[in-house]
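The residues making up each chain are set out below.
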Amino acid sequence: MTIEHQERRRAFGFVTPALIWTCAFFLVPFAVMVLLSLAHLEGREIIQTYDLDNYVKIFTEPSLFKGIVVSLEITLIVTVISILLAWPLAWIIATQVPQRYQRLAIMLAVLPFWTSYVVRSYAWALVLGQNGVVMQALIGIGILDEPIQIMATRAATIIGFVHFFVMLLTLTIYSNLIQLSPNYARAAADLGASGWNTLRLVILPLTLPGIMTGAFLTFVLCIGDYITPQILGGNNELTMPQLIMLQLGRRGDFPMASALSVILMMLVTLAYAATARWLKMERV
Amino acid sequence: MRILSWAYLAAIFVFIFLPVVVLVLFSFQDSRLPIPPFDGPTLKWYATVLADRNMMEALANSLLVALISAAIALLLGFFAAQGLSRVKLPGSVLMRGVLIAPMTVSYLIIALGLLTVFNNLGFRPSLWTTGIGHVVINVPLCFAILFAAMGDHQKNAERAARDLGASELQVVFLVSAPMLKPALLAAYFLAVTFSWDEFIIAFLLTRFDVTLPVEIWSMLRSGLSPATNAIGSLVFLVSIAILIILELTVFRKSKS
């Protein structure tokens, strides 16, 4: 046996435990779930029928299909708003804040990350409630006469999500920006580009990897999240994770919950395909 | 441009900090509802929370699950990174893909898959099943961080140690691990944080012994209360303390 063989065998030995764990507790359960999505719930019994009835039902029954639409709409709106808010923030920290305070600034910008996720949604419920700080302030300065309903609407869900993902995107875009050589901006200026044009035509395209990495993460986390829509959005319009939890809780309909999960998974795969060419996860 | 920048910075920081400030401020509220006007300060809600047996048990459970599951995930991730970074194996791209895959899947789906399998096997939901789920989500994280941190210069040191007669375990624990100390610590603490804060897996895979996020969740169902603010602020305070300690020790040293 050659040394190279030995090395390979050892290397393989090192990888095996993690592979076994991931297979046993991730790939196998996922496969089981896909099989289960082809089954039926009859009474309390799950009967394996290997048909696509659950999927047909999802696309034909309005209450279920609406979940897909609602989830996609919310996720896309959140992703776009978050990018628009995060990019200037990342750019200001990377270029306008003095070097020695940058680390502090970026840490402050993501400080609320360190509150518990459930608690953060609860805090937004406090802020946005009928008697919350925002309503009181708006009435106090005379913009509103009486409180308007934000809680338990889509707006509240979106605000809660945007808050979280602005922080996330600021991180990915910032780490992209500080890797750019200042020579790009200098060259553009030498060639006669105005400050605005340099920003728009040179710097912005160079930050696409950071934007897309953040956007993909936003998409995955946002479309799969149960907490924020449940606490802030309420039960008026249900997102896919809320529907999945409803299937589990109310009737123990695991097959339908599985089918919805498989569709959720497919949407994430589509998002991955759309952003893949910019994704450089290991660099961020 | 300057003024505009600072104005934007100020505005967005207000947005980012608004919920945290409101959370902490109204944890000191005297009356029963955490809404304006503020009528504190009082520490009575902290006393309430700290005296709450269920809450303290949940906190201990969370800590236990987080510390142990993160340690297992770190070990698995570290070994995997060690194996995949040293030689090109047939199928290494596929193996990397499999190891990273759980990262791109919603926790809800991971939880649902595990719940289905555990139900079929007759495993009762418990802190153990939750811990297993948390290892699943943290292996990719630890693997990715450590794989990125392993470079040529480390490979050379390992090879040198091996040539000088070090055993495989000696190489791993006496050469590789110390060289990767900052990355190992960063990966471990991130994994602890992820597990500590994770809700949906813990929600679906625990029943009687629950973790802190699940306990807080059930507290929310009884409506708004400054007690929720208090426990939320406490968790935040602890996280910040850990962050500052890490920043002052590990990362400062690793930079210099």
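The notes below deal with the structure included here. (Residues numbered from 1 in each chain as written. Chains lettered and ligands numbered in written order. Predicted model: local features only at pLDDT ≥ 70, side-chain atom pairs only at ≥ 80, totals over all residues. Heavy atoms only, no water.)

Points about the overall build of chain A
In terms of regular secondary structure, chain A is built from 13 helices and 2 strands. Relative to the globule expectation of 19 Å for 284 residues, the C-alpha radius of gyration of chain A, 24 Å, shows a markedly less compact shape. Seen through its principal axes, chain A has C-alpha atoms that stretch 80 × 70 × 35 Å. Within chain A, the fraction of its 284 residues that count as buried is 51%. For chain A, long-range pairs separated by at least 24 residues make up 70% of all intrachain contacts whose partners lie at least 6 apart in sequence. Counting every atom, chain A has about 13,400 Å² of accessible surface; 65% of that belongs to carbon and sulfur. Side-chain charges in chain A split into 17 positive and 15 negative, and the spacing between the mean points of these groups amounts to 12 Å. (Helix = DSSP H or I, 4+ residues; strand = E, 2+ residues; numbered from the N terminus. Rg over C-alpha atoms; globule rule 2.2 N^0.38 Å. Buried < 20%, exposed > 50% of the residue type's maximum accessible area, 1.4 Å probe, protein only. Contact = heavy atoms within 4.5 Å. Areas by Shrake-Rupley, 256 points an atom, 1.4 Å probe, with all protein chains shown as cover. Lys, Arg positive; Asp, Glu negative; His and termini not counted. Charge placed at Lys NZ, Arg CZ, Asp CG, Glu CD.)

Concerning the pattern of salt bridges
A side chain with one charge can pair with a side chain of the opposite charge if their charged atoms come near. Under the criterion given, the structure shown has 7 salt bridges over all chains. Here Arg162(B) and Glu7(A) are joined by a salt bridge, their closest N and O atoms 2.8 Å apart. Taken together, the residues Arg162(B) in helix α7 (residues 152–163) and Glu7(A) in helix α1 (residues 3–36) connect one chain to another. Here Arg162(B) falls in the buried class, since its relative accessible area comes to 18%. When the shortest N-O distance is used, the salt bridge between Asp30(B) and Lys44(B) registers 3.4 Å. On the criterion of sequence distance, the pair formed by Asp30(B) in the loop between α1 (2–25) and α2 (44–51) and Lys44(B) in helix α2 is long-range, its members being 14 residues apart. Linked by salt bridges that have partners in common, Glu7(A), Arg10(A), Arg162(B) and Glu168(B) make up one network. (Salt bridge = Lys/Arg side-chain N within 4 Å of Asp/Glu carboxyl O.)

Focus: the nonpolar core
Counting residues in hydrophobic clusters, the biggest one holds 170 residues, and the most contacted among them are Leu89(A), Leu177(A) and Phe78(B). At 14 residues, the largest contribution of residues to this core is made by helix α3 (residues 62–95) of chain A. Setting aside chain neighbours within four positions, we find Leu89(A) in contact with Ala109(A), Val166(A), Thr170(A), Tyr8(B), Leu9(B), Ile12(B), Phe13(B) and Ile16(B). (Core = buried A, V, L, I, M, F, W, Y, C linked by side-chain atoms within 4.5 Å.)

Comments concerning the layout of surface pockets
Here the second largest pocket defines a volume of roughly 680 Å³. Lining the second largest pocket are 27 residues; nearest its centre among them are Tyr226(A), Gln230(A), Phe203(B), Trp217(B) and Arg221(B). If you list the elements that add at least two residues to the lining of the second largest pocket, you get α5 (117–128), α11 (227–233) and α12 (240–251) of chain A together with α5 (107–121), α10 (200–205) and α11 (212–220) of chain B. Of all the elements, α12(A) adds the most residues to the lining of the second largest pocket, at 5 residues. (1 Å grid on protein atoms, 1.4 Å probe; cavity = no way out; pocket = protein on both sides within 12 Å on 5 of 7 lines; lining within 4 Å. Points joined across faces, edges and corners; volume = space filled by probe spheres on them.)

As for the interface of chain B and chain A
Facing the 82 residues of chain B at the interface are 75 residues of chain A. Taken together, the two surfaces of chain B and chain A that pack against each other cover about 7,200 Å², and 82% of this comes from carbon and sulfur. For the interface between chain B and chain A, the tally reads 2 salt bridges. The partner of Glu168(B) in a salt bridge is Arg10(A), and the shortest N-O contact between them spans 3.2 Å. At the junction of chain B and chain A, the tally comes to 10 residue pairs in polar contact (both at pLDDT 80 or more). Top element by residues in the side of chain B that touches chain A is α1(B). It accounts for 15 residues. Of the residues assigned to the side of chain B that touches chain A, the class counts are 59 nonpolar, 15 polar and 8 charged. (Buried area = accessible area lost by both parts, 1.4 Å probe. Polar contact = N/O pair within 3.5 Å; in protein donor to acceptor, adjacent residues only side chain to side chain. Nonpolar A, V, L, I, M, F, W, Y, C, P; charged D, E, K, R; others polar.)

A few points about helix α8 (residues 168–179) of chain B
With 12 residues, α8(B) ought to run about 16 Å at 1.5 Å a step, and its terminal C-alpha atoms sit 16 Å apart, in line with that. By the burial criterion, the buried members of α8(B) are Glu168(B), Val171(B), Val172(B), Val175(B), Ser176(B) and Ala177(B). Packed against the buried residues of α8(B) are α1 of chain A together with α3 (53–86), α7 and α9 (181–197) of chain B. (Expected span 1.5 Å × (residues − 1).)

So, the packing of aromatic side chains
Given two aromatic rings, one states the distance between the centres and the angle between the planes to describe the pair. The tally for this structure, following the rule as stated, stands at 22 aromatic pairs over all chains. Ring centres of Phe113(A) and Phe164(A) lie 5.1 Å apart, and the angle between their planes is 80 degrees; this geometry places the pair in the edge-to-face category. Placement of Phe113(A) in the loop between α4 (99–109) and α5 and of Phe164(A) in helix α7 (residues 154–177) is noted, with a sequence separation of 51 residues between them. Aromatic pair Phe28(B) and Tyr46(B): ring centres 5.5 Å apart, planes at 35 degrees, arrangement tilted. Placement of Phe28(B) in the loop between α1 and α2 and of Tyr46(B) in helix α2 is noted, with a sequence separation of 18 residues between them. Take Phe28(B): its relative accessible area is 24%, and that puts it in the partly exposed class. When its relative accessible area of 13% is taken as the criterion, Tyr46(B) is described as buried. Following the ring pairs from residue to residue traces out a cluster consisting of Phe113(A), Tyr117(A), Phe161(A), Phe164(A) and Phe165(A). (Phe/Tyr/Trp six-rings, centres within 6.5 Å; stacked < 30°, edge-to-face > 60°.)

A short note on a nonpolar patch on the surface
On the surface, a nonpolar cluster with roughly 420 Å² of combined accessible area is contributed by Leu63(B), Leu64(B), Leu67(B), Ile68(B) and Ile72(B). The topology assignment puts Leu64(B) in helix α3. (Patch = residues over 30% accessible without salt bridge, like charges linked within 9 Å, V, L, I, M, F, W, Y side chains within 5 Å.)

Observations regarding empty space enclosed by the protein
Residue and element names in this part refer to chain A. One pass over the structure, following the stated rule, counts 7 cavities of 30 Å³ or more. Each pocket or cavity is described by its volume, and for the largest cavity that value is around 60 Å³. Every residue lining the largest cavity is listed: Tyr 117, Arg 120, Ser 121, Trp 124, Gly 160, His 163, Phe 164, Thr 228 and Leu 232. Those elements giving two or more residues to the lining of the largest cavity turn out to be α5, α7 and α11. Of all the elements, α5 adds the most residues to the lining of the largest cavity, at 4 residues. Taken together, the residues that form the lining of the largest cavity break down as 4 nonpolar, 4 polar and 1 charged.

Looking at the side chain of Thr170(A)
Residue and element names in this part refer to chain A. You can see Thr 170 is positioned in helix α7. A relative accessible area of 0% places Thr 170 in the buried class. A distance of 2.5 Å separates the side chain of Thr 170 from the backbone oxygen of Val 166, its partner in a polar contact. With near-sequence residues (within four places) excluded, Thr 170 lies in contact with Ala 86, Leu 89, Ala 90 and Ile 106.

Considerations on the packing of α1(A) against helix α13 (residues 254–275) of chain A
Residues and elements named next belong to chain A. Put simply, α1 and α13 touch, their axes get as near as 8 Å, and they point 115 degrees apart. Considering the angle they form, α1 stands roughly perpendicular to α13. Here α1 runs over α13; the crossing is left-handed. In this structure, α1 uses Phe 30, Met 33, Val 34 and Leu 36 to contact α13, whose residues at the interface are Phe 254, Pro 255, Ser 258, Ser 261, Val 262 and Met 265. When the residues that make up the contact of α1 with α13 are grouped by side-chain class, the tally is 8 nonpolar, 2 polar and no charged. (Axes fitted to C-alpha atoms, helices over the stretch in contact; angles between N-to-C directions. Parallel < 35°, antiparallel > 145°, perpendicular 65-115°, else oblique. Left-handed = near helix turned anticlockwise from the far one by under 90°.)

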